[in-house]
Amino acid sequence: MGKLIKSYGCFLAVAMFSLVLLVGNSRDVLAAYEGGDVSNGGTITGTVKLVGDVPDASTLKVDKDQATCGHDDLPSEALMVSGDSSLQNAVVSITNISKGKKFAGGTPAIDQKGCVFRPHVAMIPQGSSIELLNSDDVMHNLHSWSMKNTAFNEGVAAHGNISKTFEFPETVKVTCDVHKWMTSWLIVQANPYYAITDANGKYKLEGVPAGTYTVQAWQESLGNATQEVTVAAGGEAKADFELEKKEKKRRERKKH
Amino acid sequence: MKKEEEKSYAGLFLFLSFILTITIAWAVWNEAVGKRLWKLYQSRFYELEKEKVRGEYGEAVTAFNQPGVQEKYKEAQRKLEEAWGRFNTPTVQQGYMKASRELSVLDKEELSPLKFEAMVTRNKMLEEEYQYGKHKSDEPVKKIMELEERGNVLAAEIEDLEKKRVGLQKNLDESMHDINMYASELKTFTNDMNGYQEYMVKLKSKRPSLQIYQVYLEDINEADRCMSCHVGINREESVSGEQPYANHPERKVYLGNHPPERFGCVLCHEGQGRATISPEKAHGEVEYWLAPMHRGKIAQSSCIKCHDKGEELIGGEDIAKGIELFEGLGCFGCHETKGFGEDRNSMIGPDLTEIGSKVNPGWLLEWLKNPKHFRPSTRMPDFRLEDEEAIAIASYLWQNSEGFEPGEPKEFDDETIDEGAYLYESVGCLACHSEIEEDGRVHGPNLSRIGDKANYEYLVSWLLAPKAHQPKTKMPDMKLDEEDAQYVASFLMSLKGEEGYDDLTGSEWLSNKETAKKGEDLIGRYGCFGCHKIMGMEGMSKIGVELDEVGSKSIHLFDFGLLEKEILEGVGLDNADENVSKARRAWITAKLRDPRQFDQGRYKRPKDKLKMPDFGLSPEEIEALSILLTGMKEGELPENYIAKLTDEKRYLVEGKKVIDKYNCMGCHQFTIDTLYLKNGSVVKGMVKLEEEESLYFQLWVDNEGLGRKAGDTVQIANEEIEKMVASQGGDINPYIIDYHVEVEGSIAEEAKVFTPPVLYEEGKKVQSAWLFDFLKEPATLRPWLDVRMPLFTMTENEATVLSRYFATLEKEEYPYEFIVETKDRYLKEKEKEKPGYLAMAQHLFEHKDVNCASCHVRGDITPEGDPSDWAPDLSVARNRLKPDWIVDWLIDPQLKQPGTKMPKFFREGVFQDIFPGTPEEQAVALKDLLMNLPDEMLKQKAVKSEDPLLD
């Protein structure tokens, strides 16, 4: 037993050491964000809209565990567009800021309720954790399709939960493979300048130090668009985004 | 005229004695110096060696004298002095002395007497035991007990004292700790310098004796003196960049595996190992010497003297390429060659017995005239046929073909073609074929413009059962149904070039008997049947020269025609005898570059003309082939030189052959990425994402250096990476991923789920017997895949070789393996430990928070939802999977197959009410259940009363 503790301790020491090294290294590569007080910060506001025809709302077929998930089809959240082409759940963020206001908060938890992820788009600061809950009566699994953060896929018992930490900034798709219609997105942010658009496609980034930044709008079905935005001290800059639906390859799958 | 007595011969004598003196002087000089060039080389070598060390010493001194280094050195010196100062203070000294005294007292006065007594007690005990053995009385037993007790007491006391001793020793060490540390730090500054200095002194003190170094290879009666000039050939560090002073290039690979003391040099390099008079003679580069030296890459030709042709040799890459070409181009179709073309189950070119229903005659004619014009990547060489010759051959083939009448050309609508294209892209054709002009994928023929060549009806029938048309084809049965085969064929027929071919179906010559007769003669002359199956030509023998011993064939048997002078001059020779090996290679090179050039300027009857076709080889390919041919020599080395493959290696070599034959890697990934970091550590896993300055790497194997576990993703800066060896196989994956990303809108990581399974560590995963069966007759395991395992119709031997390959690779048992889990004894024991064991496991299996059946098929019972979302049938697990693998899999599926949809269920402390225990114990229980799934768990319970007809 003592030997085990010793060898485990040794492993832990190496692990800690490497973590320090790794964090040290990644700082070089990523130029980590530095939070502090921002006096007389500016604001960036705007809307995100869809270019082109507004598609009909699509639905998701519920073909499993209908006692819990319901018998009806669920509305798809992959592309939520209002009548005037405003996009909900688009994420607007500054991609190249290394110093600014303090970074705290984020979405505390993603829940699975009625076989739907709530919220559909969540956000946490880099290096922090999020609770992943299951409020349903059936087992769900949580599968993260991340590229930078260590990916996981774990079963979560009815009314159970797990917690996960995300080391690198990344847009992570999270699905439940048991119920294939269930999808959500977790945005791991390097800085606090991000916003998720409301039903009118509106967003607001506050407390931005004066300067010129690259601002990105991203939506899960449409990809992203960026623009350079200059913010004056205490001023308000406007940046509207238009995202376009990419043409799919012509070939469609045949249903057998 | 003077009298004889008055004549003086003094001038003549003087002259003659002068000549005599010169001659003697020359003889002495020649003997001592001229013929002893090796002495010069050796002295020069030792000079160079000294110079090198001197230079390195100088560098070390300069480095040490750098201000920065000096500062640190002084600092270390200062610290050492301080440490001594601290140590020399009275209190520390007193403590040290006291501890050291205590230690010595402890050792002498306490520990040794106790140890002595313990020894005596033990001896007494042995004696009593001996006494007991003799008399069997009670007294010794009692004594033994007493002694044993005493022994235990003593042992305990000794242990206590030892502990105390360790404590004291530690105290002593601690007080000296700083001093030792700084002293050794100080040493690191001067280590290099001192090392070189010592080395220099050593070199100076010992005068190297100049001598002949000879290796005598008794078995082949060869004396090898090469190292008399090449003294430093096996030195770790080279003293010069030039021979004969330099060491062997890639010394570790070549000499590490072939120590010159055992193999000499001539075994690989040939030459005249005995000669010491001049480099030319020693290298055998003199007239009439039969084995001139192999320089550079050519030395690789000797690898096959001892090594199996299939063995992958580091440092033998060029000859390996030659072997691959020889094999791939089908040289053995015309030239009988030992060790090639031994797979009776395959064929170089396609079977031509159905050619009339397969292709368009207009295409055939053009193809015969210049195959590479239609298909640059084809292996079919150019026979440089005249028009009439091509017509005659086409006519013979057409009249000797069976099959069905091809129907009229058909037109297909876009929808049909699209569906065909979708199937073509998704079922797996892309693993071997490409419809894009010459994109480098050549395992199967390139399919661009195939519509100009082929007949639709034939394609459909071919796709449905390739082996029914050509029993020896490598093309597998893709298990398409008739409708799908039609779709794919219509897509293929839509691939047309701009020009197309004339429809010559009605031509007179196609059915003319006389033309066909001419064709028959031509086919006989060119030996087409060496590669193709042609009706009426069965059992004909190969038309080319045997190549078994071409590397030692007399140079005078090579016919240069009128080009001898020109070709030999090209390699710097005046005549062939000057360097027979070079001359031979010059001929081979010329032959391969332009096979019929030796006919130039000579009259020959048509049937005597050279007939070897033009393969359109590149200079590199020609070089590789000439290395191989140079190595095909007569005679064999004695047994003890032959690098016999161990069984294990042989299994791997054989397996690799079958893998290449069927192009398994076209679909399956076999290995993972390996990163060699600059700090020396090796990281295994898969690259997940590459960015400008770093990459994200998912570990598949625990890595102590990084302190991370398998499954973790780590960021590694590009500048830390020395070298990366990429995974092998899975060539089709990018197409599948691309489709799912572009059309289905998945993210790339998700799309990987739709790629063929990775076979890394397959031998640890599946049971060999199951794999054998599966290879013979694949069944669908993963219903969500569009790409499918085709039916290769392997021979039993091939399936055996493959399943053995995977087992051998993972050092698993083969062919039989005892699976204890399925035995009654095992289950009984488990039941005894945990009553109701299997029933509890079943509860775990069925518990709503594990609920295996929610996704997995089991026998007759299928899960809810779309079949493409179902997971593999669990009733197969018992015969398919290895029990240990199942346990590892259940503990954390992501570690075995990153990205899998199978979640991890068993975390510390969960499901304790159903199956109390650790995650391992829970996984083991589920494994035991899977290995013993009761029948009733596999059958749909007959509870539904609905009329099945209503469904």
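Residues numbered from 1 in each chain as written. Chains lettered and ligands numbered in written order. Predicted model: local features only at pLDDT ≥ 70, side-chain atom pairs only at ≥ 80, totals over all residues. Heavy atoms only, no water.

J.: Help me understand the overall build of chain A in this model?
T.: Along the backbone of chain A there are two helices and 23 strands. Classification of the 256 residues of chain A by burial places 45% in the buried group. A sequence separation of at least 24 residues applies to 64% of the contacts in chain A between residues at least 6 apart. Surface summary for chain A: the accessible area is close to 12,700 Å², and the carbon and sulfur share equals 51%. (Helix = DSSP H or I, 4+ residues; strand = E, 2+ residues; numbered from the N terminus. Buried < 20%, exposed > 50% of the residue type's maximum accessible area, 1.4 Å probe, protein only. Contact = heavy atoms within 4.5 Å. Areas by Shrake-Rupley, 256 points an atom, 1.4 Å probe, with all protein chains shown as cover.)

J.: Please clarify how the side chain of threonine 47 of chain A should be interpreted in this entry.
T.: On the secondary structure map, threonine 47 of chain A appears in strand 2 (residues 42-51). Among residues more than four places away in sequence, those in contact with threonine 47 of chain A are Asn200, Gly201, Lys202, Tyr203, Ala239, Asp240 and Phe241 of chain A.

J.: What is the right way to look at unusual backbone geometry in this model?
T.: The phi angle of most residues is negative, glycine excepted, and most peptide bonds adopt the trans form. A cis amide bond links glutamine 243 of chain B with the next residue in sequence, proline 244 of chain B, at an omega value of 5 degrees. The residue proline 244 of chain B is located in the loop between strand 2 (222-224) and helix 6 (251-257) in this model. The linkage connecting tyrosine 814 of chain B with the following residue, proline 815 of chain B, adopts the cis geometry, with an omega of -5 degrees. In this fold, proline 815 of chain B is placed in the loop between helix 31 (796-809) and helix 32 (824-833). Non-glycine residue asparagine 89 of chain A carries a positive phi angle of around 65 degrees. Relative to the elements of secondary structure, asparagine 89 of chain A occurs in the loop between strand 6 (87-88) and strand 7 (91-94).

J.: Help me out: how do you make sense of the interface of chain A and chain B in this one?
T.: Put simply, an interface is often sized by how much accessible area is lost when its parts join up. With 47 residues of chain A at the contact, the number on the chain B side is 55 residues. Connecting chain A to chain B are 18 residue pairs in polar contact (both at pLDDT 80 or more). Elements with a contribution of two residues or more to the side of chain A that touches chain B: helix 1 (2-30), strand 13 (140-144), strand 14 (153-156) and strand 16 (170-175) of chain A. The biggest single contributor to the side of chain A that touches chain B is helix 1 of chain A, with ten residues. Of the residues belonging to the side of chain A that touches chain B, the class tally is 19 nonpolar, twelve polar and 16 charged. (Polar contact = N/O pair within 3.5 Å; in protein donor to acceptor, adjacent residues only side chain to side chain. Nonpolar A, V, L, I, M, F, W, Y, C, P; charged D, E, K, R; others polar.)

J.: Please clarify how the pattern of salt bridges should be interpreted in this entry.
T.: Here the idea is simple: oppositely charged side chains can pair when their charged atoms come close. Residues and elements named next belong to chain B. With the rule as written, the count across this model stands at 61 salt bridges over all chains. Here lysine 661 and aspartate 343 are joined by a salt bridge, their closest N and O atoms 3.0 Å apart. Of this pair, lysine 661 sits in helix 26 (residues 647-661) while aspartate 343 is found in the loop between helix 11 (317-329) and helix 12 (355-358), placing the two residues 318 residues apart along the sequence. Owing to a relative accessible area of 11%, lysine 661 belongs among the buried residues under this scheme. Taking relative accessible area as the criterion, aspartate 343 reaches 33% and is therefore assigned partly exposed. Measuring nitrogen to oxygen at the nearest pair gives 4.0 Å for the salt bridge that ties aspartate 849 to lysine 848. Here aspartate 849 falls in the buried class, since its relative accessible area comes to 9%. Each of Glu761, Lys764, Glu810, Asp888 and Lys896 takes part in salt bridges that share partners, so that together they form one network. (Salt bridge = Lys/Arg side-chain N within 4 Å of Asp/Glu carboxyl O.)

Just geometry here; none of it tells us what the structure is for.
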